[in-house]
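# Structural features, examined
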Amino acid sequence: MKIALAQINCTPGDLRGNQLKILHACRQAREAGADLVITPEMSLCGYLAEDWLLRREFVQACHQALTELTAQVHDVTLIVGHPHNMNGNLFNAVSAVRDGRLLATHCKQHLFSDRLQDERRYFSAGNSLCTFGCSGILFGLMTGSDYRHAAHLQSLHAAGAQVLLAVDASPYSIDSQIDRYQILREGITQTGLPAVYINPVGGQDELVFDGASFAMDHSGKLVCQLPAFQEALALIEIHGNQSIFGECSTLPDQAGSIYTALRLGLHDFITKNRLPGVLIGLSGGVDSALVLAIAVDALGAERVRTVMMPSPYTADISIQDAQTMADNLGVRHAGIPITGLFDQFQQALQAELQACSDSGTSATVENLQARIRGTLLMALANQSGMLVLPTSNKSETAVGYSTLYGDMAGGFSILKDVSKTLVYRLCHYRNQISPIIPQRILQRPPSAELRPGQIDQDSLPPYDVLDAIIEAYVENDLSAAEIIAMNYPEETVRRVLRMIHSSEYKRRQAAPGIRITRRDFGRSWRFPLTSGFPD
């Protein structure tokens, strides 16, 4: 028999649009001779619809959409994910439908309740197994994290399942595909059953779903691999309940995966929200250069505008490099000097600043420049309808090396989970495709250019040290003592950790941004603003 893996890009709440995508996949699969079509977890309503799932009218609309979809599926069996209301409880469900009939429904047993996703807020856990037959083969149906539990797979095997179907919605993070392979192989080793894994593709707010759906035979050998970060429909053939045949696409390397995830996340955020484009404040530095490159690759030059806003401390080469970047990518670029505005702000505040001179006038004056730029960018965004993209990276976000209502102004932050060292790595990756980022930008010491001769390392540890400490503490949950034991200076470690937690109030007001690591400063970071714990 032939199975079609429909790796589609669904939008939460777009029931009609998602339904049309599913039906289109069914038509394609049927024309190709498929007997079974598999779509991702919650494909009908999109993953995750979050608090829409708490609204009765939304759940009712999902049920109506499922009824309409079922009536239109003929001559092929469809696996579709949807919310399922039963006896007053809501379940994360996946159903098999064919010829206007509901054949089987599985309610997810192992709900995610971790740093990233809190499914228990919306769903009750199922408590039964689900198998269904198609073309003489008995399939064991699983949803989401069910496939990560060996006992669940073994129970399906004991119930007579001959092929495992894992219907998932797993967001991308660095090396997430390696984890999926490993987990499913372990289940295959314990059961001796072949397995098919389906995952959605597309950006959804902070999350990016990379697709990369696949199939493995009874020995755990990869026999089919769909591409990452793009919609696809692929066919696999099953013979004798064991042998599976398909085609394997090549997945991008780590740098390519990260860059593509950022590009897709931005593209879908802008297009799904029907925004005309984006506005970027160029500084002539590396962060804004990378943001511009990703934006043009995601949206096209015609939907991207840039603005350079030099102050008295902006170097001439920064103005030149910003213009070169804009020219290289063919975007509309404007220059708005802020020296006059900066002088007026200082004059208006002069008396009060002098009265408060003991509280750090230098930083106040520096931040004025960033806030003037933020105000101008938001005014242009207000006029054009475009979305401002902040250019702060994860290293700066971690330790508060950014200005509230200044360079933090904007609506969607694509570097929010990208460390400074990774920024450089991604710039080199993009330049290998075509050399658009001037080498001078990559070679100059990074600087905010808010005072004469300023460089970032005046205020921060070297970025390789800073990023290593941030990764150890934020992503790997190591303590200060454990990080110090890795031969990092104790004074530096404790200073960085103090900066991380003292900057929590800034991060609470920051724009949402794309997650690419195991722990970002968004959904998976929840620390109190007020805390007395010594770290």
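Quick note: structure is the one above.
What comes next concerns the included structure. (Residues numbered from 1 in each chain as written. Predicted model: local features only at pLDDT ≥ 70, side-chain atom pairs only at ≥ 80, totals over all residues. Heavy atoms only, no water.)

### So, the overall build of the protein
When helices and strands are counted, the protein shows 16 helices and 19 strands. In terms of overall dimensions, the protein is globule-like: its C-alpha atoms have a radius of gyration of 26 Å, near the 24 Å expected for 535 residues. When the backbone C-alpha atoms are referred to their principal axes, the protein occupies close to 80 × 50 × 45 Å. For the protein, with 535 residues in total, the buried portion stands at 55%. Taking the intrachain contacts of the protein between residues at least 6 apart in sequence as the baseline, contacts between residues at least 24 apart amount to 72%. Summed over its atoms, the accessible surface of the protein is roughly 22,000 Å², and 49% of this surface lies on carbon and sulfur atoms. (Helix = DSSP H or I, 4+ residues; strand = E, 2+ residues; numbered from the N terminus. Rg over C-alpha atoms; globule rule 2.2 N^0.38 Å. Buried < 20%, exposed > 50% of the residue type's maximum accessible area, 1.4 Å probe, protein only. Contact = heavy atoms within 4.5 Å. Areas by Shrake-Rupley, 256 points an atom, 1.4 Å probe, with all protein chains shown as cover.)

### Examining the side chain of Arg430
Residue placement: Arg430 occurs in helix α11 (residues 420-433). The contacts of Arg430, once residues within four sequence positions are left out, are Tyr259, Ala293, Asp297 and Ile436.

### Some details on the pattern of salt bridges
A complete count under the given rule lists 20 salt bridges for this structure. In this structure, Arg494 engages Glu490 in a salt bridge whose closest nitrogen and oxygen atoms are separated by 3.1 Å. With Arg494 and Glu490 both in helix α15 (residues 490-502) and 4 residues apart, this pair spans about one turn of that helix. Classification of Arg494 by relative accessible area gives partly exposed; the value is 35%. Classification of Glu490 as partly exposed rests on a relative accessible area of 44%. Connected through salt bridges with shared partners, the residues Glu41, Lys108 and Glu119 form a single ionic network. (Salt bridge = Lys/Arg side-chain N within 4 Å of Asp/Glu carboxyl O.)

### Overview of the pairing of strand β4 (residues 89-98)
Looking along a regular strand, one sees the side chains alternate between the two faces of the sheet. Across the 10 residues that make up β4, a large majority, 8, are buried. Looking at chain direction, strand β3 (residues 77-86) and β4 are connected through 9 bridges and run antiparallel. Pairing of His82 across the sheet is with Ala93, part of β4. With antiparallel pairing between neighbouring strands as the criterion, β3 and β4 make up a hairpin whose turn holds 2 residues, including Asn87 at a positive phi of roughly 55°. (Pairing = 2+ DSSP bridges.)

### Digging into unusual backbone geometry
Leu48 follows Tyr47 through a cis peptide bond whose omega is -5°. For Leu48, the location among the structural elements is in the loop between β2 (36-38) and α2 (56-72).

### A look at the environment of Asn476
Structurally, Asn476 can be placed in the loop between α13 (463-475) and α14 (480-484). Looking at Asn476, the relative accessible area reads 31%, which means it is partly exposed. A C-alpha to C-alpha distance of 40 Å links Asn476 and Gln320, two positions 156 residues apart in sequence. Not counting residues within four places of it along the chain, the set of residues in contact with Asn476 comprises Glu471 and Arg518. Of note is the side chain of Asn476, whose polar atom sits 2.6 Å from the side chain of Arg518. (Polar contact = N/O pair within 3.5 Å; in protein donor to acceptor, adjacent residues only side chain to side chain.)

### Some points on the packing of helix α5 (residues 254-272) against α11
Two numbers describe how α5 lies on α11: the axes approach to 10 Å, and their chain directions differ by 95°. Here α11 runs roughly perpendicular to α5, going by the angle between their axes. Contacts from Gln254, Ala255, Gly256, Ile258, Tyr259 and Leu262 in α5 reach Leu422, Arg425, Leu426, Tyr429 and Arg430 in α11. The class makeup of the residues in the contact of α5 with α11 is 7 nonpolar, 2 polar and 2 charged. (Axes fitted to C-alpha atoms, helices over the stretch in contact; angles between N-to-C directions. Parallel < 35°, antiparallel > 145°, perpendicular 65-115°, else oblique. Nonpolar A, V, L, I, M, F, W, Y, C, P; charged D, E, K, R; others polar.)

### Some points on the sheet that holds β4
Each strand in a sheet pairs with its neighbour through backbone hydrogen bonds, running either in the same direction (parallel) or in the opposite one (antiparallel). Sheet architecture is open: 7 strands sit in the order β5-β4-β3-β2-β1-β14-β15, paired in mixed fashion. Of all strands in the sheet, those with a lone pairing partner are β5 (101-107) and β15 (243-245), marking the two edges. Each strand axis lies, on average, 30° off the axis of its neighbour in the sheet, ignoring direction. The pairing of β2 with β3 spans 3 bridges and is classified as parallel. For Ile38, the partnering residue across the bridge sits in β3 and is Ile79.

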